[in-house]
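Here is what each chain is made of, one letter per residue.
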Amino acid sequence: MSSYIICLGDFLMRTFYIFKIKKEITILTKEIPYNLYKTIENLYYYDNVNNEVSFKIFNDLFDQFDASYLNNHLQTLFKNNRFYRYDDSIHSISNKYIPENSKLKVYKSHLLLKSDVIKPTLLVNYLMSDNLFVCDFKNKDYFWLNEFVR
């Protein structure tokens, strides 16, 4: 019975990849995000046959995150939140009253957020920018973060 519950919990988790899109790409794709999503999806599923090409495309599309700054910023924002934990570069929200279980890992290339809610606290309230693009490849879902939280 417990393995069924674990599977069910994994099934309900959403995995969001958050990318910082370069300004000129944001301007070009703001109104038609499908093309941007398909390009990123192709990179995601790319079998690394030609790493040089995928690396070039990656650098043409994305800006890097300042991981150290973002980790410190989130720690400062959540320092008094009793549902927040930070350990080994992972920001966690575990709130049994909402309920919500979310974990955010900060990389220079992207942010990885796993959550059991559609609008995770870390995503909705604290990561605001016009150029953040969110992809959930498993569910074929994508959106500009600032459009999502309106």
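Residues numbered from 1 in each chain as written. Predicted model: local features only at pLDDT ≥ 70, side-chain atom pairs only at ≥ 80, totals over all residues. Heavy atoms only, no water.

What follows concerns the overall build of the protein chain. If you tally the helices and strands in the protein chain, you get seven helices and eight strands. Sequence-distant contacts, at least 24 apart, represent 56% of the contacts inside the protein chain between residues at least 6 apart. Of the roughly 9500 Å² that the protein chain leaves accessible, carbon and sulfur atoms contribute 55%. (Helix = DSSP H or I, 4+ residues; strand = E, 2+ residues; numbered from the N terminus. Contact = heavy atoms within 4.5 Å. Areas by Shrake-Rupley, 256 points an atom, 1.4 Å probe, with all protein chains shown as cover.)

Attention now goes to unusual backbone geometry. The amide bond that connects isoleucine 98 to the next residue, proline 99, takes the cis arrangement and shows omega of -20°. Position of proline 99 relative to the elements: it lies in the loop between β4 (90–95) and β5 (100–106). The phi torsion at serine 89 lies on the positive side, around 65°, for a residue other than glycine. Within the secondary structure, serine 89 is located in the loop between β3 (84–87) and β4. Of the residues examined, serine 89 reaches a relative accessible area of 24% and is grouped as partly exposed. (Buried < 20%, exposed > 50% of the residue type's maximum accessible area, 1.4 Å probe, protein only.)

Glancing now at the side chain of asparagine 131. You can see asparagine 131 is positioned in the loop between α6 (121–126) and β7 (132–136). The class for asparagine 131 is buried, based on a relative accessible area of 14%. The contact partners of asparagine 131, leaving out residues within four places of it in the chain, are Phe19, Lys20, Ile21, Thr26 and Trp144.

The next thing to look at is the pairing of strand β1 (residues 14–21). Among the eight residues of β1, six are classified as buried, and the element is accordingly described as predominantly covered. Strand direction decides the pairing type here: β1 and strand β2 (residues 62–63), joined by two bridges, are antiparallel. Opposite isoleucine 21, over in β2, you have phenylalanine 62 as the bridge partner. (Pairing = 2+ DSSP bridges.)

Because each turn of an α-helix spans 3.6 residues, side chains separated by three or four positions end up pointing in the same direction. Here helix α5 (residues 67–78) contains twelve residues, and its C-alpha end-to-end distance of 16 Å stays within 8% of the 16 Å for a straight helix at 1.5 Å per residue. Within the span of α5, buried status applies to Ala67, Leu70, Asn71, Leu74 and Phe78. In an axial view of α5, the angular spread of the buried residues amounts to 100°, which keeps them on one side of the axis. The outward face of α5, more than 90 degrees from its buried face, is lined by the exposed residues Tyr69 and Thr76. (Expected span 1.5 Å × (residues − 1). Arc of directions from axis to C-beta.)

Turning our eyes to something else, we now look at the side chain of glutamate 41. Structurally, glutamate 41 is set in helix α3 (residues 33–45). Judged by its relative accessible area of 4%, glutamate 41 is buried. Of the polar contacts made by the side chain of glutamate 41, one reaches the side chain of lysine 140; its length is 2.9 Å. (Polar contact = N/O pair within 3.5 Å; in protein donor to acceptor, adjacent residues only side chain to side chain.)

Side-chain pairs of opposite charge can arise where the charged atoms are in close proximity. Taken as a whole, this structure holds five salt bridges when the rule is applied. Notably, a salt bridge pairs lysine 140 with glutamate 41, separated by 2.9 Å at the nearest N-O pair. Separated by 99 residues along the polypeptide, lysine 140 in the loop between β7 and β8 (141–144) and glutamate 41 in helix α3 bring together distant segments of the chain. Note on lysine 140: relative accessible area 54%, which makes it exposed. Salt bridges here are not isolated pairs; linked through shared partners, they connect Arg14, Asp136 and Asp141. (Salt bridge = Lys/Arg side-chain N within 4 Å of Asp/Glu carboxyl O.)

Confidence in the prediction of the protein chain, expressed as mean pLDDT, is 85, and 87% of residues score 70 or more. Mean pLDDT values for the elements of the protein chain range from 42 in helix α1 (residues 2–12) up to 96 in β2. (pLDDT = per-residue confidence, 0-100.)

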